[in-house]
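Chain by chain, the residues run as shown.
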Amino acid sequence: MTEPTAPLQASPPPAIIDGMPAAVPVDVAAAEGLEVTVRSQWWYARHRFLRHRLAMIGLVGLVIIFGAGALANWVAPYTFDQIDLNNILHGPTTVGHHYFGTDEVGRDYLSRVIYGVRTSAEVGLVVAVLSTAFGLVVGAIAGYYRGWVDNVIMRITDLVLTIPVLVTLLTVAALLAGKGSLWIIVAILTAFFWTPIARIVRGVFLSLREKEYVEAAKAVGAGDLRIMFRHMLPNTLGPIVVNGTLAVADAILTEAFLSFLGFGIKPPTPSLGNLAAGGQGNPQDWWLTVLPGLVLVLIVICVNFVGDGLRDALDPQQRRVRA
Amino acid sequence: MADPLLSIRDLTVEFRTDDGIVHAVDGISYDVLPGETLGIVGESGSGKSVSTLALLGLIPQPPGRIVSGTATFKGTDLLKMGKQELRRFRGDEVAMVFQDPMTSLNPVLRIGFQLGEAIKTHYPKEPDDKVKSRVVELLRLVGVPNPDIRVNQYPHEFSGGMRQRAMIAMSIANSPSLLIADEPTTALDVTIQAQVLEVLKTVQEETRAATILITHDLGIVAEMCDRVLVMYAGRIVESGDVQTIFRSPRHPYTVGLLDSLPKLTEDEEWLRPIPGSPPSLINRPSGCAFHPRCFLSQGRMRCRDEVPELHSAEGQSHRAACHFSDELIGHASKFSEPVEAGSGS
Amino acid sequence: MLTFIARRILYSIPVLVVSSFISFTFVALAGNPLANLRANPRVTPETINHFEHLYHLDQSIFVRYAYWVESIFTQKFGVSLLSGQPIWPDISVAIGHTLQIVLIAQVLALVLGVAVGIYSAIKQYSAFDYTFTSFSFLGYAMPTFWLAALLQLAFTDIYLHWHVRIFYTSGLNSGAGGSNWSIDRFQHIALPVITLAVVSFALYSRYMRATMLDVINSDYVRTARAKGLPERSVIMRHVVRNALIPIATVSALQFGALLAGAIVTEFVFTLDGMGYFFFNRLSQSDTYSVMAYLMIVAVSIVVFNLIADIAYGFLDPRIRYD
């Protein structure tokens, strides 16, 4: 009765009918005159991300804050070092657009905070990008080649992970103080932040290495680099994007800690950390510490929201209801 | 015919998800007679597990919802019971064995403790030593070697097959009248499968319990079951005793299932899968859920418009839910020779 | 188990040696010991030479390292190059203070965090859950210096406006030589304890909630329910018991890390603890004091990592270090 069908083949991509995946193979659906669109994984990821309310809020927040920082020259009402000794230590007020008040030499605090955002964001983004890139490379090598290379790299990451970050950062920063401080800080921070990415990438590579398509690619004669790039790397993009995003917040926070203690970016260049330090010991001028700190908190929260949204979008291994 | 032990009528279960409402079980009805082994067969997502989980109140109620139906067990409707009451049945009168023995046991508690817990929950007054000896006895019954030593071990010290035996032992600890085994061998090697099925048979003989055996493996059904229900997309599409179903199936899905099995005694060039994939339970095809994949339908409108009801195909006990099931009369399935119990792989 | 511990300790020794050597080299070469002396115009070159020789500053780094290691055992870290004072008394007092604060903060954070985590998981998506999840989120995002500063401000304000001292905003005791367990002391450490506890609480409650949710959906919990266990037993005996395992490890590691002294918190509240010690000596480039601090921190990390692993092996029968 039933015609013998062709030998077992991989199932054709599910057709989408009325926006829902249908059980009917594409050709059958087409035969019945139904519309068929095939969507890619990225479409679904993007869709999931945009649906995530918190991530959207975070994104908007970041655009506002980072945007203000990037466009500081146009957005800030004053420059960050404009001294006005007539207006020392005013609290937040609408007079003269000093919405965040002024500091101890009369500089407009809102402007300083905006420039501070720019500095902190610069550091944060650069560190995140550099450490992600470095971690990617190291993790890929460790995961792909295994053996003693992997062992050595893993030992190093273990070591870096157990060292208390702030302590080492402070020690190094203090003792290298003043010698091109911004880039030293970036370098030191990068040196700490690459490890989680390396671990993740290594994990993915280790598991992918045994998959058949890698063996197939090798059999065809593909070089190591090509295999790593075209076949294995795309699988790491999800966790990397999530991790990289969260690393931005981490880097900004860590830099703030350093600067707060006086070892990071030094004044007069404002960073959110050294601005907050300015209000130390003077509880009357609360805005000096509270406001930059508030901006910092907002940045971290927004980045975390976006990171969560990205994670949901790119890593849909959440618990699904079992039917 | 004896009174049924369990009588399910019009059970409907749905789940709310972000993508829509999943109709997991749609108005199914069946009976389980005392002492018999009923097989429920179907693909993943056919609703076979959900119907039994609903019985025991193991469906998490926020996403899940028992929309309607009754499940009368020894006179009382399980679905109308409060949580406390239902708890008394679970593990005592009605017990369940789950699919994956590797994750179904708590890794930080000893086997003896977990088995003892099953007993103590329902009979708290039993003295500890009696419980302990009963546990050892149970382990011995299911064929765990050196039960007196093993009873103090942790699950990770048991192999997969042994763990499943322990699970079975745990389920019959209180001599239930109804045992539900949800794909008990799916996660096991074939050779271990055979052993565990033997254990199930032993256990059935010992306790005289009725068993609902849920599986997607027709071979197991042939070996173990008296009657079988075939489920598809949340509905029962065929029911009857094993011999009849295997010899003369009356639903195209059942035909497809049987056809897709490789027959060891014949030469076959190609395997014959059922074309297409199982339907989405959120957006089910209208009318008969199977019609998009059905060879019998041939595009007939009735299949698309009308949901077929279960009607008798051959005598009272054999029923099929297909508008054109009569056209399958005379269709010889691959397994037309009588199936002998115990001759399975 | 004992062999495991012994092996771990054995492995950590070379790690400690290497890391201490690297730090020593770095600190010793980058810092400028005897800076005070050199800056003082009244100090003669002979005096400087004398001290250089006394402190082996004129010899190779390896020799200096060796002398330094020796000083750990024979002289309890020896003497600060800057002040000439012995290091150990100062640092041991600092350790005591930090221990007190960190211990109280951790216990508080752990007990509350675990409880909140459990309840949040059981009543997922309830108002309680949302409130505390948001709170943890906030706590996690807040830099400690900000929280510390806020608390300081708030309580200073209260004092200034209502002339009531609830909590002190700096220092360890009101007068000199206060005792360690007086009410005055508690009034002083309350705010730093709260600061540290909030961040740790956020971590623990989030972690506990996540682990609980993971475990609650596992198969063996379903089995426990299928056996007819009352929900309470299911949660306590099966879920929590399993969910606590990672928490134990995390808290041990946290403790080890915090022993480095919550540097920023101690700085803001001017508390004489490890972090404050470190910060001060580092600012003054007081090499040997900094080294002493680093060594103690390294050892405590090793110790607490070990404790974390042992606790894990103890709680989870699947891990046996034999």
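Residues numbered from 1 in each chain as written. Chains lettered and ligands numbered in written order. Predicted model: local features only at pLDDT ≥ 70, side-chain atom pairs only at ≥ 80, totals over all residues.

Engineer: Lay out the interface of chain B and chain C with the relevant residues and their values.
Structural biologist: Taken together, the contact pairs 22 residues of chain B with 17 residues of chain C. Considering each element in turn, the side of chain B that touches chain C owes the most residues, four residues, to helix α3 (residues 111-122) of chain B. Of the residues in the side of chain B that touches chain C, the class split is nine nonpolar, seven polar and six charged. (Contact = placed C-beta atoms within 7 Å. Helix = DSSP H or I, 4+ residues; strand = E, 2+ residues; numbered from the N terminus. Nonpolar A, V, L, I, M, F, W, Y, C, P; charged D, E, K, R; others polar.)

Engineer: Which residues make up the sheet that holds strand β4 (residues 64-73) of chain B, and what are the values?
Structural biologist: Residue and element names in this part refer to chain B. The four strands are arranged β2-β1-β4-β5 in an open sheet whose pairing can be described as antiparallel. Whereas interior strands pair on both sides, the edge strands pair on one side only; in this sheet they are β2 (20-32) and β5 (76-77). Pairing of β4 with β5, which is carried by two bridges, proceeds in the antiparallel orientation. Bridge pairing links T72 to D77 in β5. Together, β1 (6-17), β2 and β4 form the strand contacts of helix α1 (residues 48-55), whose direction differs from that of β2 by roughly 75°. (Pairing = 2+ DSSP bridges. Axes fitted to C-alpha atoms, helices over the stretch in contact; angles between N-to-C directions.)

Engineer: How would you summarise the interface of chain A and chain C if you had to cite specific residues and measurements?
Structural biologist: By convention, interface size is frequently given as the accessible area that disappears when the constituent parts associate. Each side of the interface is counted separately: chain A has 26 residues, and chain C has 27 residues. Where the side of chain A that touches chain C is concerned, the elements lending two or more residues are α7 (165-175), α10 (224-260) and α12 (287-314) of chain A. Tallying contributions element by element places α12 of chain A first for the side of chain A that touches chain C, with eight residues. Taken together, the residues of the side of chain A that touches chain C break down into 20 nonpolar, five polar and one charged.

Engineer: Can you tell me about the pairing of β2 of chain B, naming the residues and giving the values?
Structural biologist: Residue and element names in this part refer to chain B. Of the strand pairs in this sheet, β1 and β2 are connected by ten bridges, and their pairing is antiparallel. When the sheet's bridge partners are listed, S7 is paired in β2 with D31. Between β1 and β2, which pair antiparallel one after the other, the connecting turn spans two residues.

Engineer: Tell me what's going on with unusual backbone geometry, and back it up with residues and numbers.
Structural biologist: Residue and element names in this part refer to chain C. Not every positive phi belongs to a glycine, and Y125 is a case in point at roughly 70°. Mapped onto the elements of the fold, Y125 is located in the loop between α5 (87-122) and α6 (127-141). In this structure, T270 takes a positive phi of about 40° despite not being glycine. Overall, T270 belongs to the partly exposed group, with 13 C-beta atoms counted inside 10 Å. (Buried ≥ 20, exposed ≤ 12 C-beta atoms within 10 Å, placed from the backbone.)

Engineer: A description of α12 of chain A should follow, citing residues and the corresponding values.
Structural biologist: With 28 residues, α12 of chain A should cover 40 Å at 1.5 Å per step; its first-to-last C-alpha distance of 40 Å lies within 8% of that length. Most of α12 of chain A sits inside the fold, with 21 of its 28 residues counted as buried. (Expected span 1.5 Å × (residues − 1).)

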